[in-house]
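So you can see what is in the structure, the chains are spelled out below.
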Amino acid sequence: MAFSMPWLEDGFQDGRGAGQARRVLTGFRGELYRCLTGRADALFELADAVLCRPQRVHMLAELSLEPECRRGHGAVYDAVSCGEIQFARLRRALAAVALPAWPDGRIRLAVDVSNWLRPDAGTSPGRLFCHCYARGRGNAQMIPGWPYSFVAALEPGRTSWTLPLDAVRLGPADDATEVTAAQVRGVIARIIAAGHWADGDPDVMVVFDSGYDLTRLAWLLCDLPVEVTGRLRSDRVMYFPAPQRQAGVNGRPPRHGAALRFADPRTWPEPVQRTVTVTSRYGTVQAMAWARLHQKLTSRAGWEDHDGPLPVIEGTLIRLHVTSHLPGYRALEPMWLWSSRPDASPDEVNRIWQAYLRRFDLEHTFRFFKQALGWTRPKLRDPAAADRWTWLILACYAQLRLARSLAADIRLPWQRPCPPGRLTPARVRHGFRSIRQTLPALASAPKPGKPGPGRPPGSKNRRPATRHDVGKTVKRDEPKKKTRRQKG
């Protein structure tokens, strides 16, 4: 069902026109204010304080010292802990913003998980063991925290800008693949409702990193106009289509053909497509592609409750090899990619691996969220408060993206000037305070009040908070299905 945003009827589409960009930014801020249904004034001023603070955000209390926030530190914490945000309406507002324009007209989305680490928060529910990379190869750690799944639209060219469209916190009882599929389905539905995609347009390309079940995601999203692309581990095995059954041969027909083992070049037949691309940053990139390869599925994990025979989901397998080294690395191992498009042409093969390389722009967004905007800085106990703060950060980043054509290049003496149209999110944030002064004021003035008495000095806490375990808490209501290999 289509929805309309009045503030985007004369929307900012191509980035030209300061007055037009200012009107769109003003309209988005008004829609954001209407999404805040509880503690609206405090939450809105808190978002302005995040945008206008010259330094990095380290804690919520220091945001109350900014001139844009007229409330005290108690009201700031109360707004995050007890405020209300209409997440569905805010999702529609983000989807209504003009998506990045690519030369081929295809929308490219990236999906990845970023962790809000809370190792010492024993009283915070919903924590999982989050995979975190440490310094040095092979030194990964599992730290308790809240994992958040993000979906963002990618931009062409060398840039650190993205457009985050959705964020979902993964819980202990959630199936990550099902949650991700539902998240992508919701984003695609809102993109279509906003008019960014219509019948006849190219399929939306959704790029995933390693760790996702690409085959199952392609199966769950097969009814949508999407093309699933992602990276596979280098120890995987995939299979070609089954050969035709010969006449006079009895028995069950085969479902899988010859195996292609990533680690064994002897099992690699002649690729269907070969491409060689010379890049300015990575040197010569060689890609080999094989068509109609699929994964052999088993009735366990995500396919345990599947009714009927397991499907055969074919796609294009790509081996990407960089002849020269990447910046900062002496050597780079080949990369394996898989796309749900069964037969990819040479141009489509290049588009697939180039779209995957653009996925790393999302890592710049995560770093900006955590280091500059202070996404994971507040020590919040309630996961619902963490969700409010997360969506407030997404709204702040969307305002920076809408204001990048209005911001001046305010830089420190030792920083290089940015060319026109190449301002980074941090540079736009430096000039947002002057932009905000030209926008209408939406939040009302605070009412006079005084803080409560609090707990009397010297008294003990007689209601200690409940402590929660970390990890998965999945419990099956029905016993596990028995396979043919199990006895009994």
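Note: the structure precedes this text.
Just so we're clear, the structure is a prediction, and the values are computed from it rather than from any experiment.

Q: For this particular structure, what's the right way to read the pattern of salt bridges?
A: Once the charged atoms of two side chains with opposite charge are near each other, the side chains can pair. The full count for this structure, using the stated rule, is 36 salt bridges. When the shortest N-O distance is used, the salt bridge between aspartate 235 and arginine 233 registers 3.0 Å. A cluster of three or more residues bridged by salt bridges with shared partners is formed by Arg53, Glu62, Glu66, Glu68 and Arg433.

Q: For this particular structure, what's the right way to read the pairing of strand 5 (residues 141-154)?
A: The side chains of a regular strand alternate between both faces of the sheet. Of all 14 residues in strand 5, 12 are buried; the element is thus mostly enclosed. Sheet analysis places strand 3 (residues 108-117) next to strand 5, joined by 9 bridges and oriented antiparallel. The residue of strand 5 that forms the bridge with tryptophan 116 is tryptophan 146. In this sheet, strand 5 lies alongside strand 4 (residues 128-132) in antiparallel orientation, the contact comprising 5 bridges. When the bridges of strand 5 are listed, phenylalanine 129 appears paired with proline 144.

Q: Explain the packing of aromatic side chains to me, please; I cannot follow it from the model alone.
A: Aromatic ring pairs: the centre-centre distance and the angle between the two ring planes describe each pair. A complete count under the given rule lists 19 aromatic pairs for this structure. When the centroid spacing of 5.1 Å and the interplanar angle of 55° are considered together, the rings of phenylalanine 208 and tyrosine 212 count as tilted. Joined through ring pairs, the aromatic side chains of Trp116, Trp146, Tyr148, Phe150, Trp161, Phe366, Phe368, Phe369, Trp375 and Tyr397 make up one cluster. Positioned over the ring face of phenylalanine 360 is arginine 359, at 4.7 Å from the centre of the ring. Its guanidinium or amino end placed over the ring of tryptophan 161, arginine 404 lies 5.0 Å from that ring's centre, counting from NZ or CZ.

Q: Explain the packing of helix 1 (residues 18-35) against helix 2 (residues 40-52) to me, please; I cannot follow it from the model alone.
A: Between two packed helices, both the angle of their axes relative to each other and the distance between the axes serve to describe the pair. Relative orientation of the contacting elements helix 1 and helix 2 amounts to 140°, with a least axis distance of 9 Å. Looking at the two axes, helix 1 sits oblique to helix 2. Between helix 1 and helix 2 lies a crossing whose hand is right-handed. For the pair helix 1 and helix 2, the contacting residues are Arg29, Leu32 and Tyr33 in the first and Ala40, Asp41, Phe44 and Asp48 in the second. Here the residues of the contact of helix 1 with helix 2 sort into 4 nonpolar, no polar and 3 charged.

Q: Where do I start with the side chain of arginine 351 in this structure?
A: By the element assignment, arginine 351 lies in helix 7 (residues 346-358). The exposure class of arginine 351 is buried, given its relative accessible area of 14%. If we ignore the near neighbours within four places in the chain, the residues touching arginine 351 are Asp104, Arg106, Arg108, Met205, Glu227 and Arg341.

Q: Sorry, what's going on with the state of the cysteines here?
A: Any covalent bond linking the sulfur atoms of two cysteines counts as a disulfide. Taken as a whole and assessed by the stated rule, the structure comprises 0 disulfides. No disulfide involves cysteine 82; its sulfur sits 16 Å from the nearest other cysteine sulfur, which is in cysteine 69. On the accessibility criterion, cysteine 82 (41% relative accessible area) is partly exposed.

Q: Even after reading the chapter, I still don't get the nonpolar core, so can you show me in this structure?
A: Nonpolar side chains tend toward joint burial in soluble globular proteins. Ranked by size, the top nonpolar core spans 112 residues in total, and within it Leu109, Phe208, Leu260, Trp290, Leu317 and Trp389 carry the most contacts. Look past the residues within four positions of tryptophan 389 in its chain and what remains in contact with it is Leu46, Val50, Leu60, Leu63, Val80, Trp116, Leu373, Gly374, Trp375, Pro378 and Leu380. Core analysis: the second largest hydrophobic core is formed by 16 residues, Ala289, Met335, Leu337 and Tyr356 among them.

Definitions and limits used
- Residues numbered from 1 in each chain as written.
- Predicted model: local features only at pLDDT ≥ 70, side-chain atom pairs only at ≥ 80, totals over all residues.
- Heavy atoms only, no water.
- Salt bridge = Lys/Arg side-chain N within 4 Å of Asp/Glu carboxyl O.
- Buried < 20%, exposed > 50% of the residue type's maximum accessible area, 1.4 Å probe, protein only.
- Helix = DSSP H or I, 4+ residues; strand = E, 2+ residues; numbered from the N terminus.
- Pairing = 2+ DSSP bridges.
- Phe/Tyr/Trp six-rings, centres within 6.5 Å; stacked < 30°, edge-to-face > 60°.
- Lys NZ or Arg CZ within 6 Å of the ring centre and 35° of its normal.
- Axes fitted to C-alpha atoms, helices over the stretch in contact; angles between N-to-C directions.
- Parallel < 35°, antiparallel > 145°, perpendicular 65-115°, else oblique.
- Left-handed = near helix turned anticlockwise from the far one by under 90°.
- Contact = heavy atoms within 4.5 Å.
- Nonpolar A, V, L, I, M, F, W, Y, C, P; charged D, E, K, R; others polar.
- Disulfide = S-S within 2.5 Å.
- Core = buried A, V, L, I, M, F, W, Y, C linked by side-chain atoms within 4.5 Å.

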